[in-house]
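Overview (structure and organization)
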Amino acid sequence: MYVVQTLERAKWERGRLPASITVDNASEFCSRALEAWPMANYVQLCLIRPGGPTENGFIKSFNGRLRDECLNVEWFVSLADARQKLAKFRAHYNHERPHSSLADRTPVAFAELHRRVTETTSSSMGRAVGPRSTASNQVILTVETENL
């Protein structure tokens, strides 16, 4: 349920949804709510085959950066402290830190550029601009759990 709440928050914050979401078979991604949410929001849910972690290299790369740049250097004294420090990391990662895979842009700047290009291309081709857009794969979503 926390994953669905996080996806709803991301939908509200960004104003659009990706065309697809790729997840592994971890327990937080195995629920009826998560099965229903993509259908209700016209988002394709792509599952990684068990034992095939290389199918989603973006998240594996991100997990390594999160571990190296945040989890291994911070000391969390409470759940509130962990949330505050992870929120700070998330803001820095999305808004300030340039990514070489995005032509040295931040994920937020890349998503905005992509949105403008998509709107220009769609309107110049006579197509209606839809509410969804494929944005950066590197924008972090955080799942908050209350009972850790």
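Everything quoted here is computed from the prediction, not taken from an experiment. (Residues numbered from 1 in each chain as written. Predicted model: local features only at pLDDT ≥ 70, side-chain atom pairs only at ≥ 80, totals over all residues. Heavy atoms only, no water.)

**What to know about the pairing of strand β1 (residues 20–23)**
The criterion, for reference: We call a residue buried when its accessible area falls under 20% of the maximum for its residue type, exposed when it is over 50%, and partly exposed in between, using a 1.4 Å probe and counting protein chains only. A run of DSSP states H or I qualifies as a helix once it reaches four residues; a run of E qualifies as a strand once it reaches two. Both are numbered from the N-terminal end. A pair of strands counts as paired when DSSP detects no fewer than two bridges linking them.
Of the two faces of β1, the one holding I21 and V23 is buried and the one holding S20 and T22 is not buried anywhere. Two strands pair when backbone bridges link them, and β1 and strand β2 (residues 44–47) are joined in this way by four bridges, in the parallel orientation. Considered in β2, the bridge of S20 is made with Q44.

**Let's talk about the pattern of salt bridges**
Here is the rule we go by: A pairing counts as a salt bridge when a side-chain nitrogen of Lys or Arg comes within 4 Å of a carboxyl oxygen of Asp or Glu.
Scanning the model with the defined rule gives eight salt bridges in all. With a closest N to O distance of 3.8 Å, K11 and E8 form a salt bridge. Within this pair, K11 and its partner E8 are both found in helix α1 (residues 2–14), separated by three residues, close to a single helical turn. Residue classification places K11 among the partly exposed residues on the basis of a relative accessible area of 29%. For the salt bridge of R115 with E112, the shortest nitrogen-to-oxygen distance reads 2.3 Å. You can see R115 and its partner E112 sitting in helix α5 (residues 107–124), three residues apart, about one turn around the helix. Here R115 falls in the buried class, since its relative accessible area comes to 18%.

**Considering unusual backbone geometry**
For Y42, which is not a glycine, the phi torsion comes out positive at approximately 55 degrees. Tracing the backbone shows Y42 in the loop between α2 (32–41) and β2. A positive phi is found at A103, a non-glycine position, where the angle reads about 55 degrees. Of the residues examined, A103 reaches a relative accessible area of 52% and is grouped as exposed.

**Describing the packing of aromatic side chains**
For the record, the criterion: Pairing of aromatic rings covers Phe, Tyr and Trp, the last through its six-membered ring, and needs centres within 6.5 Å; plane angles under 30 degrees mean stacked, over 60 mean edge-to-face, and all others mean tilted.
One pass over the full model with this rule turns up two aromatic pairs. Note on F62 and Y93: the rings are 5.3 Å apart at their centroids and 75 degrees apart in plane angle, and the pair reads as edge-to-face. Here F62 is found in helix α3 (residues 57–71), whereas its partner Y93 is found in helix α4 (residues 79–96), with 31 residues between them in sequence. Note on F62: relative accessible area 13%, which makes it buried. Taking relative accessible area as the criterion, Y93 reaches 2% and is therefore assigned buried.

**Some words on the confidence of the model for the protein**
Formally: What pLDDT reports is the predictor's confidence in each residue, on a scale of 0 through 100. Every residue pair with non-hydrogen atoms within 4.5 Å of one another is taken to be in contact.
Here the protein averages 78 in pLDDT, and 73% of its residues register 70 or above. Across the protein, element-level confidence peaks in α4 with a mean pLDDT of 94 and bottoms out in α5 with 81. Scored below 50 in pLDDT, residues 128–139 makes 36 contacts in the model with residues more than four places away or belonging to other chains. Here residues 141–148 is a poorly scored stretch, pLDDT under 50, and it has 21 contacts once near neighbours within four places are set aside; other chains count.

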